[in-house]
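Working through the structure, step by step
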Amino acid sequence: MKINPVRGTHDLFGEEIRKFNKIVSEVKNVAQKFGFNELVTPIFESSELFEKPLGEQSDVVLKEMYTFNDRNEDKITLRPEYTTPMIRAAISNGLLNILPAKFFGTGQMFRRERPQKGRYRQFNQINFENFGSDDFFADIEIICLANTLLKKLIPDSNITLYINSLGTRKNLSDYKKLLSKFFNDNKKSLSKANIDKINTNPLRILDSKNVEEKEIIKKSPKLIELISKTDLNIYEEIKNCLTELQIPIIEDLHLVRGLDYYCHTVFEFKTNELGSQDTLIGGGRYDGLIKTLGGKDIPGVGWAGGIERIMLLMNKILQKEKDIHIAILDPSHKIHAIKIYDFLIKNNFSIYWNYKYNLKKSLSLANEKKANYIILIGENEKINNNFTIKNLSNGEQVSLEIDNILDYLK
Ligand code: HAM
């Protein structure tokens, strides 16, 4: 019986898992520098955590959530995103007493989307959230953090930051009404799928890639026209600070994001190297969301990035840790071998012992696995109480006592 992986899922091994681990470790480094603490939440939550906050008419809630009834009829959902679980966890554990509270996490998310390059049904996100500050510096800081991380992981990639302001939640709901009216008046130029969205989710019509629809969209009302002068000034300051930080931006007046909880600043880091799944990181402000989820009335700002999408841009092969194979030429030398094995593990080397007791097989395996060194242990080494080390990249071979081995391997 051959069982294939479920559609939209993938296994990680070899070079891919090295890239994955490199991303997670860099996320932890950057988080520490910017003062964010790790928060790990369960993979499944009560469905109600997602249904309203993400938007009952959003694609994620309408079509993509993995929701099931538990045996006692509790309605459970595999988390499709990390912001609402983080807020839930911060509230459940009383983590919002000292503000601002800054958290990050990495982990698997689940969305039943049509799989393609860069889009999976189980994927991994990096998530950064800052709870409790309406200072626009929090927006700058979290964008700067994202930029720092991307520069570390994929310095050679062509990445652009798109930014927009949605104004207050009231501005956004007024805007939806205006859009519904506009698209109703221009119905004849829209596809059936988009006509269905006119009254439920008119913002999504703005994403259309259809040439004829794009022409209509160009003439549609702009959200920025509804935003107050004070909010527009703050938005200007944000853009000025980003320019000061030399983070190039493109203002995209139609950037509204796919989840319902956003207001004020929204942003996306995009690449032109991945085809249609081109957003590496997306996020923004979500003032009001924490209160909706039963917490204090405090604002929040954050972003999430797709680990698999970043991996697709990490072209450079990552060097393996210094890998050392141990070749014992006869089982009777195991006791001598165990000394060097234990010594190297204690000194943080990664060791591979193949149980072959055959020089030729051991050498060919070490070469195949691209080991850096092989340590040979035979009769001579046992008698002289030393170890023979062969450097597999240049063929050099030396016999050393255990005390001199560290200097040689450095
Ligand atoms: P999102 O835009 O839905 O935002 O997802 C963020 C990122 O996750 C995307 O830009 C993409 O890189 C990655 N991603 C999303 N879906 C998939 C998929 N099916 N396969 C692979 N990667 C994917 C959120 O999730 C918000 N919670 C972001 C946020 C945090 N806003 C504020 N705080």
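Quick caveat, the model's predicted, so the values are computed rather than measured. (Residues numbered from 1 in each chain as written. Predicted model: local features only at pLDDT ≥ 70, side-chain atom pairs only at ≥ 80, totals over all residues. Heavy atoms only, no water.)

Now for the overall build of the chain. The number of helices and strands found in the chain is 15 helices and 16 strands. Relative to a compact globule of 410 residues, whose C-alpha radius of gyration would be 22 Å, the chain shows 27 Å and is clearly more extended. Overall, the C-alpha framework of the chain stretches about 90 × 50 × 45 Å when taken along its three principal axes. Out of the 410 residues in the chain, the part that is buried amounts to 49%. For the chain, the accessible surface area stands at approximately 21,400 Å², while carbon and sulfur atoms represent 50% of it. For the chain, the separation between the mean place of its 59 positive charges and that of its 54 negative charges on side chains is 4 Å. (Helix = DSSP H or I, 4+ residues; strand = E, 2+ residues; numbered from the N terminus. Rg over C-alpha atoms; globule rule 2.2 N^0.38 Å. Buried < 20%, exposed > 50% of the residue type's maximum accessible area, 1.4 Å probe, protein only. Areas by Shrake-Rupley, 256 points an atom, 1.4 Å probe, with all protein chains shown as cover. Lys, Arg positive; Asp, Glu negative; His and termini not counted. Charge placed at Lys NZ, Arg CZ, Asp CG, Glu CD.)

A few words on the pattern of salt bridges. By the definition in use, this model includes 21 salt bridges. For K181, the salt bridge is made with D185, and the minimal N-O distance between the two is 3.0 Å. One end of the pair, K181, and the other, D185, are both in helix α6 (residues 169–185), four residues apart, so they sit about a helical turn from each other. Residue classification places K181 among the exposed positions, given a relative accessible area of 52%. (Salt bridge = Lys/Arg side-chain N within 4 Å of Asp/Glu carboxyl O.)

Here the focus is the site of the ligand. Lining the immediate environment of the ligand, one finds 26 residues, of which E81, E113, E129, R257 and Y262 sit closest. Between T83 and the ligand, the recorded distance is 2.9 Å, taken from a side-chain N or O atom to a nitrogen atom. Protein coverage of the free-state accessible area of the ligand, which is 650 Å², stands at 95%. Where the shell around the ligand is concerned, the elements lending two or more residues are β6 (122–131), β10 (279–285) and β11 (300–306). Top element by residues in the shell around the ligand is β10. It accounts for five residues. (Near = heavy atom within 4 Å. Polar contact = N/O pair within 3.5 Å; in protein donor to acceptor, adjacent residues only side chain to side chain.)

Let's shift gears to unusual backbone geometry. Cis geometry marks the peptide bond from L99 to P100, where omega comes out at 0 degrees. Looking at the secondary structure, you find P100 in the loop between α4 (83–92) and β5 (101–110). Phi is positive for Y355, which is not a glycine, with a value near 60 degrees. By secondary structure assignment, the location of Y355 is in the loop between β13 (350–353) and α13 (359–368). Despite not being glycine, K370 shows a phi value in the positive range, around 55 degrees. Topologically, K370 is positioned in the loop between α13 and β14 (373–377).

In this section: the packing of helix α1 (residues 14–34) against helix α5 (residues 136–153). For the pair α1 and α5, interaxial distance at closest approach is 10 Å and the crossing angle is 140 degrees. Relative to α5, α1 is oriented so that their crossing is right-handed. Taken together, the residues of α5 that come into contact with α1 (itself represented by K22, I23, E26, V27, V30, K33 and F34) are E141, C144, L145, T148, L149, K152 and L153. Counted by class, the contact of α1 with α5 contains eight nonpolar, one polar and five charged residues. (Axes fitted to C-alpha atoms, helices over the stretch in contact; angles between N-to-C directions. Left-handed = near helix turned anticlockwise from the far one by under 90°. Contact = heavy atoms within 4.5 Å. Nonpolar A, V, L, I, M, F, W, Y, C, P; charged D, E, K, R; others polar.)

The buried fraction of β10 is high, at seven of seven residues. Here β10 pairs with β11 via five bridges, running antiparallel. Paired with G283 across the bridge in β11 is W303. (Pairing = 2+ DSSP bridges.)

Reading across the sheet, the three strands line up as β2-β4-β3 and stay open at both edges, with antiparallel pairing between neighbours. With one partner strand each, in any of the chains shown, β2 (44–46) and β3 (66–69) form the two edges of the open sheet. The average undirected angle you get between the axes of adjacent strands in this sheet is 30 degrees. Direction of pairing for β3 relative to strand β4 (residues 75–78): antiparallel, over a ladder of four bridges. Bridge pairing in β4 links F68 to I76.

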